[in-house]
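So the chains spell out like this:
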Amino acid sequence: MTVLPRPESRFPPSPVPDEQGVELKIQGVVQGVGFRPFVHRLASRFGYSGTVVNSAEGVVIRLAPPLAQLDSFLQCLQDEAPPLASITSLEQADIKVFPGEPGFVILASEHSGAASTMIPPDAAVCDDCLAELFSKNDRRYLYPFINCTNCGPRFTIVESIPYDRPNTSMKVFPMCPDCSREYHDPVNRRFHAQPNACWQCGPRLSWHDAAGRLLPCDDPLREAGRALARGRVVAMRGLGGFHLSVDAGNDAAVQKLRQRKRRPSKPLAVMVADVQAAMKICSISLPEKELLRSWQRPIVLLAKRDDSRLAPSVAPGILHLGLMLPYTPFHHLLFRVEETPPALVMTSGNRSDEPICTANDEAIDKLGGIADFFLLHNRDIVTRADDSVARVIDNKARPLRRSRGYVPGSVALHRDLPAVLACGAALKNTFCMTRGRTAYLSQHIGDLETAETLEFYEESVRHLQQVLEFEAQAVACDLHPDYLSTRFAESIGLPLYRVQHHHAHAGAVMAEHGLEEDTFAVILDGTGFGPDGTVWGGEILLAGLSSFERLASLEQLMLPGGDAAAREPWRMAMAALGAAYGGAGLTGCERLAPALAKIDSVKKEALAQMMSQKVNTPLTSSCGRLFDAMAGLLDLCLVSDYEGHAAMELESTAWQAVRDDWMNDGPNEQRFPVEIRTEQGRLLIGTGPLIRSVVDCLARSVHRAEIALAFHRWLVQSVTAVIKELAASLGKKKVVLGGGCMQNGLLLGGLSKDLQAAGFQVFSAEKVPANDGGLALGQAVIAGMNHLHD
Ligand SMILES: [Zn+2]
Ligand SMILES: [Zn+2]
């Protein structure tokens, strides 16, 4: 069957009475995902005549009478849609049609005006393609770039819209007659599969030395498997960027990679062939298994097994390991090579603090000193997308880094908003664009601190603006005046809304769940600029979508040395002792917390002086810094190697002490006193009694896993007590939980459980990260609401 050119007027306006047809307008991810062939199959099954066409307003289906069982057809349209399709709206209207020719026809696409349909995210290779990949008689047997409309690259190869092959990086690969036939056959699985390719016509892998010189060979994957088995570092060009890979079971190899990448201890992600292999390394629950196997194929944080046989240096000190399954055909082929080690480190191919490399020459230039070999291919990556990271907490999958597989998937809003560009914050940056009832969150950009990352950021804003045909009416940014994202927002010259960091965190969760009325928001986070000039981060707000009120917070601690305190948890440990014991806490710090003996005494004296004279010691209510203080006191992490390091160590340590029903106090469990007091009309969670209890435990040599767990429990109990007290006077029953600390499974799980037990309805981040990676969604919605009222 061929695609007909779109006739001028297939349905003349003069209707024949009693000939009632139906027109369906479908929006969402419905183009480039095999939707029209699906409609064709379905209509044929129901015996309907009519047409389907891609238009600027989405997919339009016109059905001619008679239409027996139309309800059932509509149901199947939604239930049986192809895996990558997602329908966000379906409008139905009666039309008067001429019977026309019988049968069902796919009309050629017509594109104009704003793109209200979306480019799909990249998807892991599907089972049908995998079956062909390993079938000796298939013409794509072992072809590393096999794909179809149900799988393969999408967002990362798109240059501009409409999403058609000439507008992707596949344009340099003219299809061979066989591929072209599939591409044009409406009932074929590869009908309009833009990246369609085969051995004859498509991209190829190649094998190169550390200087990028081509090493001729029959099978680049076999060479890669052998090099990995010999402990070599291989840089591999993937879907959204490069990976650096080594044998995850070879400690020397992993340490070599760490040294060369200057990444001393931040956990490295690992890829294994399948779920069975994953279960040998980690304990995996059913929802975790589903997440691991989902077509988005994120890195999933899973609890490591003691008998995992992984090199200790893969994730030192951390219980949770980032594990993923193969998602490109050549990952599957690599694991099929006999020599390939069963578990591979697959970490982002970048130099520290820079975006992941995407181009071959760029990678050879930047990774040449890190990798021993390069596994390259010649299909260009147009848009960078890191691996996504997700975790199951409280039986729900939650993205921690939302990128490949999820982007540019949108978040549905519960009301129409003006077109807002929200610029995000500084760390883990993403940005967001809203239009109508849809919010598009960008891929993970990274920490906006270097020129390279800023360039990636600006380029990504331009690219997404282009593929969405987006024109902003207003701009949102953080309240922090010095963030690069704030400066960028100011330079645009549109109405600008500065949104307080933790209000934005609350807004993101509210937007996800369609909450509009004022709601309690517990935002436990690292750092955010407060309107009072202090650093906020442990806040309980009464949050609405246009404004908020700060109802309660953690008691403030000093941040001795400002930003340096966030990198060196021992400073926060000193600050905590100073707060709990005054000057005696500083002079006697080693006696109170023996870990501090490891810190140079000159440094400690200098810090004590800073604190007693209050020089360069801004105040903070940050929950992240309280985690740092605990990790310092417990000797888990005195100096951070990466953002969130201390908090991850503390959570991992606490898990060691977790019992099945950890929230129920056993007779021997540590319990720290909760202190809630009122100061200047605001409730404060006092930290003095907590710190003195921890010091007391250290003196009694209580196991630090017990102390770490007791700290988590104390935080849950303190927050719950505050919410109960606030609810008694304000009568609210809904609580949103947000901020970077909500990536912590014990904290989020514990708060959800306790607050629900106290009769509250609890909402937390499920579609966008609870950390700053989801912040832009909140900024956009809050700015949009304010712009509506201006
Ligand atoms: Zn496929
Ligand atoms: Zn071909």
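Just so it is clear, the structure is predicted and the values come from calculations on it, not from any experiment.

Asks: Even after reading the chapter, I still don't get the coordination of the zinc ion (ligand 2), so can you show me in this structure?
Replies: When a metal holds four donors in a tetrahedron, each ideal angle between them is 109.5 degrees; when it holds six in an octahedron, the ideal angles are 90 or 180 degrees. At the metal site, the zinc ion (ligand 2) is ligated by Cys-176 (SG), Cys-179 (SG), Cys-198 (SG) and Cys-201 (SG), and these contacts range over 2.2 to 2.4 Å. Around the zinc ion (ligand 2) sit four donor atoms; with metal-centred angles ranging over 102 to 117°, the donor geometry is tetrahedral. Of the residues examined, Cys-179 reaches a relative accessible area of 0% and is grouped as buried.

Asks: I'm lost on the sheet that holds strand E5 (residues 104-106) in this one. Help?
Replies: The pairing of strands in a sheet comes from backbone hydrogen bonds and takes either a parallel or an antiparallel form. Overall, mixed pairing links the five strands, which are arranged E4-E1-E3-E2-E5 in an open sheet. Each having just a single partner strand, strand E4 (86-96) and E5 make up the two edges of the open sheet. In this sheet, neighbouring strand axes are inclined to one another by 15° on average, regardless of whether the strands run parallel or antiparallel. The sheet strands contacting helix H1 (residues 35-46) are strand E1 (20-29), strand E2 (49-55), strand E3 (58-64), E4 and E5, and the helix crosses E5 at an angle near 175°. Here helix H2 (residues 70-79) sits on the sheet and contacts E1, E3 and E4; the angle it forms with E4, its principal contact strand, is near 155°.

Asks: Could you clarify how one ought to interpret the packing of aromatic side chains in this entry?
Replies: For any pair of aromatic rings, the description rests on two quantities: the centre-to-centre distance and the angle between the ring planes. If you walk through the whole model with that rule in mind, you get 13 aromatic pairs. With a centroid separation of 5.2 Å and an interplanar angle of 75°, the aromatic rings of Tyr-457 and Phe-488 are classed as edge-to-face. Remark: Phe-488 occurs in helix H12 (residues 484-492) and Tyr-457 occurs in helix H11 (residues 451-467); sequence separation between them is 31 residues. Per residue, the accessibility class of Tyr-457 equals that of Phe-488, and both read buried. Arranged with centres 6.2 Å apart and planes meeting at 85°, the rings of Trp-536 and Phe-548 form a pair that is edge-to-face. Highlighted residues: Trp-536 in strand E22 (residues 535-543) and Phe-548 in strand E23 (residues 548-554), separated in sequence by 12 residues.

Criteria and thresholds
Residues numbered from 1 in each chain as written. Chains lettered and ligands numbered in written order. Predicted model: local features only at pLDDT ≥ 70, side-chain atom pairs only at ≥ 80, totals over all residues. Heavy atoms only, no water. Donors = N, O, S within 2.8 Å, 3.2 Å for Na, K, Ca; no water. Tetrahedral: all angles 85-135°; square planar, octahedral: opposite > 155°, others 65-115°. Buried < 20%, exposed > 50% of the residue type's maximum accessible area, 1.4 Å probe, protein only. Pairing = 2+ DSSP bridges. Helix = DSSP H or I, 4+ residues; strand = E, 2+ residues; numbered from the N terminus. Axes fitted to C-alpha atoms, helices over the stretch in contact; angles between N-to-C directions. Contact = heavy atoms within 4.5 Å. Phe/Tyr/Trp six-rings, centres within 6.5 Å; stacked < 30°, edge-to-face > 60°.

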